[in-house]
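# Reading the structure
Each chain, written out:
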Amino acid sequence: MISVIVPVYGVEKYLPKCIESLVKQTFKDIEIVLIDDGSPDSCGKICDEYAENYEQLVVIHQVNQGVSAARNAGLKIAKGEYIGFVDPDDWIEASFLYVINKQIGDCDILVIGFDFDYEDGSTMHVSIGDLEARQVCDKEECMLRLKFNATGHNIFGYIWNKVFKADIIKTNKISFLKDVKFGEDEFFTLACCLCAHSLKIIPIPIYHYRQRPGSLVHQADTLLSVKHKYPELLRLIPFMQTKALRKICHKWAYHILQDIAKKSNPFFYLYYHAKAFAYKWKYL
């Protein structure tokens, strides 16, 4: 019924709790795909040890290629009707997949409530509200409400608080951008949502996102990564049905061009700065 993909790298301290939370789910019709992305610590060994004791675990070992490549490797072998993603330093409530199975219905994408867990033991609940499943004519409104909301977090951009119908991913050949270092989650989510017919949000906080200083979100993006975002966003914009979503994404494209300019040498700074100005004049 549900495949859960976990990219694994450099998290030996947190990985056992993550895997324990997966294998102890009350809903049992699951497949857990662990991708050891060439982790230099004992993560690969930990994955294999759990796989020996739990038949629902599938382990892939590969040379380090990054989180996007790891998730794509999981997508290639996932057999579930629905696909979810869990980060290896996070953990989920025992009822996580049970709630998903009860709530998913005929919905294409389910968005799940979550908590931020901090290293000092404190927790911050992020309330995402309760929206009913939306049909295709209203789904982009739902997408905008996830991106811009009272929490101050871009809930739309997270991958780990969503479950996707596998047919959407496979039929439309959607994958993670392996050359994008940060923001790859949002591009994947955007591509899936544009191909979906309905979204549903459940506010129950059953996913625990661990906030820690060494995680990728606290590192800087690269010029190469930013450059790969621009053409992908331009490819997706024509599929957007509402003016509001197109305008938001045009602003996003404009800011990407500005980021490219800032990270470039002086000559290309002027080139991309002028390109950003022309883009703003044309679309904004």
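Residues numbered from 1 in each chain as written. Predicted model: local features only at pLDDT ≥ 70, side-chain atom pairs only at ≥ 80, totals over all residues. Heavy atoms only, no water.

## Regarding the pattern of salt bridges
Counting across every chain of the model gives eight salt bridges. Measuring nitrogen to oxygen at the nearest pair gives 2.8 Å for the salt bridge that ties Arg-235 to Glu-232. Of this pair, Arg-235 and Glu-232 both sit in helix α8 (residues 223-236), separated by three residues, roughly a single helical turn. On the accessibility criterion, Glu-232 (15% relative accessible area) is buried. Taken together, the shared-partner salt bridges in this structure form one network comprising Arg-71, Asp-87, Glu-184 and Asp-185. (Salt bridge = Lys/Arg side-chain N within 4 Å of Asp/Glu carboxyl O. Helix = DSSP H or I, 4+ residues; strand = E, 2+ residues; numbered from the N terminus. Buried < 20%, exposed > 50% of the residue type's maximum accessible area, 1.4 Å probe, protein only.)

## Concerning the packing of helix α7 (residues 184-195) against helix α9 (residues 243-263)
Helix-helix packing: each pair is described by the crossing angle between the helix axes and the interaxial distance. Interaxial distance between α7 and α9 falls to 14 Å at its minimum, and their mutual angle equals 155°. Accordingly, the angle class assigned to the pair α7 and α9 is roughly antiparallel. Read as a crossing pair, α7 and α9 show a hand that is left-handed. Contacts from Glu-186, Phe-187, Leu-190 and Leu-194 of α7 reach α9 at Leu-245, Trp-252 and Ile-256. Of the residues belonging to the contact of α7 with α9, the class tally is six nonpolar, no polar and one charged. (Axes fitted to C-alpha atoms, helices over the stretch in contact; angles between N-to-C directions. Parallel < 35°, antiparallel > 145°, perpendicular 65-115°, else oblique. Left-handed = near helix turned anticlockwise from the far one by under 90°. Contact = heavy atoms within 4.5 Å. Nonpolar A, V, L, I, M, F, W, Y, C, P; charged D, E, K, R; others polar.)

## Comments concerning a nonpolar patch on the surface
Where nonpolar side chains cluster on the molecular surface, the patch consists of Phe-267, Phe-268 and Tyr-271 and spans about 350 Å² of accessible area. Its place among the elements puts Tyr-271 in helix α10 (residues 266-283). The exposure class of Tyr-271 is partly exposed, given its relative accessible area of 44%. (Patch = residues over 30% accessible without salt bridge, like charges linked within 9 Å, V, L, I, M, F, W, Y side chains within 5 Å. Areas by Shrake-Rupley, 256 points an atom, 1.4 Å probe, with all protein chains shown as cover.)

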